[in-house]
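Letter by letter, the chains look like this.
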Amino acid sequence: MALRNAVMAALLEGEASGYDLAKGFEASVANFWMATPQQLYRELERMEREGLVSARVVQQERRPNKRLFSLTEAGLDVLRSYVADTPAKPTAIRDELMVKVQCVDIGDADDIRAVREAVAERKERSAAKLARYERMQARMLGGRTEDEYFAGAERIGPYLTLLGGMAFERGNLRWAEGVLARLDQRTAIARRG
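Parameters at a glance
- Every chain is numbered on its own, with residues counted from 1 as its sequence reads.
- pLDDT decides what is reported in this predicted model: residues at 70 or higher carry local features, side-chain atom pairs at 80 or more are listed and counted, and totals for whole chains, interfaces and linings draw on all residues regardless.
- Side-chain numbers here rest on the full set of heavy atoms in the structure, without hydrogens or water.
- Two strands are counted as paired when DSSP detects at least two bridges linking them.
- Starting at the N terminus, helices and strands are each numbered in turn, a helix being any DSSP run of H or I of at least four residues and a strand any DSSP run of E of at least two.
- Each residue is assigned to one of three classes by its accessible area relative to the maximum for its type, calculated with a 1.4 Å probe on protein chains only: buried under 20%, partly exposed between the two thresholds, exposed over 50%.
- Whether two residues are in contact is decided by their heavy atoms, any of which lying within 4.5 Å being enough.
- Any pair of nitrogen or oxygen atoms within 3.5 Å is treated as a polar contact; in protein, a donor-acceptor pairing is required on top of that, and neighbouring residues in sequence qualify only through side-chain atoms on both sides.
- Note on definitions: angles span 0 to 180 degrees between N-to-C directions of axes, and those axes are lines fitted to C-alpha atoms, for helices only across the stretch in contact.
- Here the word oblique covers every angle except those under 35 degrees (roughly parallel), over 145 (roughly antiparallel) and from 65 to 115 (roughly perpendicular).
- Residue classes follow a fixed rule: Ala, Val, Leu, Ile, Met, Phe, Trp, Tyr, Cys and Pro count as nonpolar, while Asp, Glu, Lys and Arg count as charged, and any other residue, Gly among them, counts as polar.
- Here, nonpolar core means buried Ala, Val, Leu, Ile, Met, Phe, Trp, Tyr and Cys residues that are tied together by side-chain atoms lying within 4.5 Å of each other.

**Q** Go over the sheet that holds strand β3 (residues 66-71), please, and point to the residues and values.
**A** The strand order across the open sheet built from three strands is β1-β3-β2, with neighbouring strands paired in antiparallel fashion. On the outer flanks of this sheet lie β1 (16-17) and β2 (53-58), each paired with one strand and no other. Across two bridges, β1 lies against β3 in antiparallel orientation. Following the sheet pairing, A16 is matched in β3 by F69.

**Q** Describe the pairing of β3, and please don't skip the residues or the numbers.
**A** Direction of pairing for β2 relative to β3: antiparallel, over a ladder of six bridges. Bridge assignment links V58 to a residue of β3, and that residue is K66.

**Q** Explain the environment of S126 residue by residue, including any values.
**A** Along the chain, S126 turns up in helix α6 (residues 109-141). Overall, S126 belongs to the buried group, its relative accessible area being 2%. Along the primary structure S126 and R170 are separated by 44 residues, whereas in three dimensions their C-alpha atoms are 7.5 Å apart. If we skip the residues at most four places from it in the chain, S126 touches E169, N172 and L173. Engagement of the side chain of S126 in a polar contact is seen with the side chain of E169, the distance being 2.8 Å.

**Q** I'd like a rundown of the packing of helix α1 (residues 3-11) against helix α3 (residues 37-49), residues and numbers included.
**A** At their nearest, the axes of α1 and α3 sit 10 Å apart, and the two run at 85 degrees to each other. Taken together, the axes of α1 and α3 are roughly perpendicular relative to one another. Along the contact surface, α1 presents L3, R4, V7 and M8, while α3 presents Q39, L40, E43, L44 and M47. Tallied by class, residues from the contact of α1 with α3 come to six nonpolar, one polar and two charged.

**Q** Pulling in residues and values, what's your account of the nonpolar core?
**A** The biggest cluster of nonpolar side chains holds 18 residues, and the ones touching the most others in it are V7, L11, L21 and F25. Within the residue set of this core, elements represented by two or more residues are α1, α2 (18-28), α3 and β3. The leading source of residues in this core is α1, at six residues. Those residues in contact with L11, other than ones at most four positions away along the chain, are A16, L21, V53, F69 and L71.

Okay, structure coming up:
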């Protein structure tokens, strides 16, 4: 998937500046796509040249003027075509931490401790992301049940992708908890032996 598709998906929420997009990317599509602000700005410029987005300048006092981007009809057509295409194969996991866990048995106690710390850090990051996603979920639901949300929401895609991000982070948490328990068990056995 190209970054431009994720940018266009974020612009479905409405007009946004590059800064707002970069900031809001965390809240709207970060559960399935990551990009740096520089990547977003470069992509917006490219998309504007291609006619997929248009920009208007907003004059500001005491701050530089800002450009607000919105999808053009051509951009919506590209996005519709993208949505209608057969999905690509699922993303393969490429995770350096998994390689380190795979190799944990070749090291000494310090190596095991280092891997354990890395897994514990992953667990903390996943817990923080999940908490942020749960806050987003509460805001989106606004006191409604999921059934009420799905029955009345104008757009359900953002909520569905949020559920995917939540499931991913819950999976990360379960995996990390299991790995930590097994590493602790292994360390205790090594100390006794």
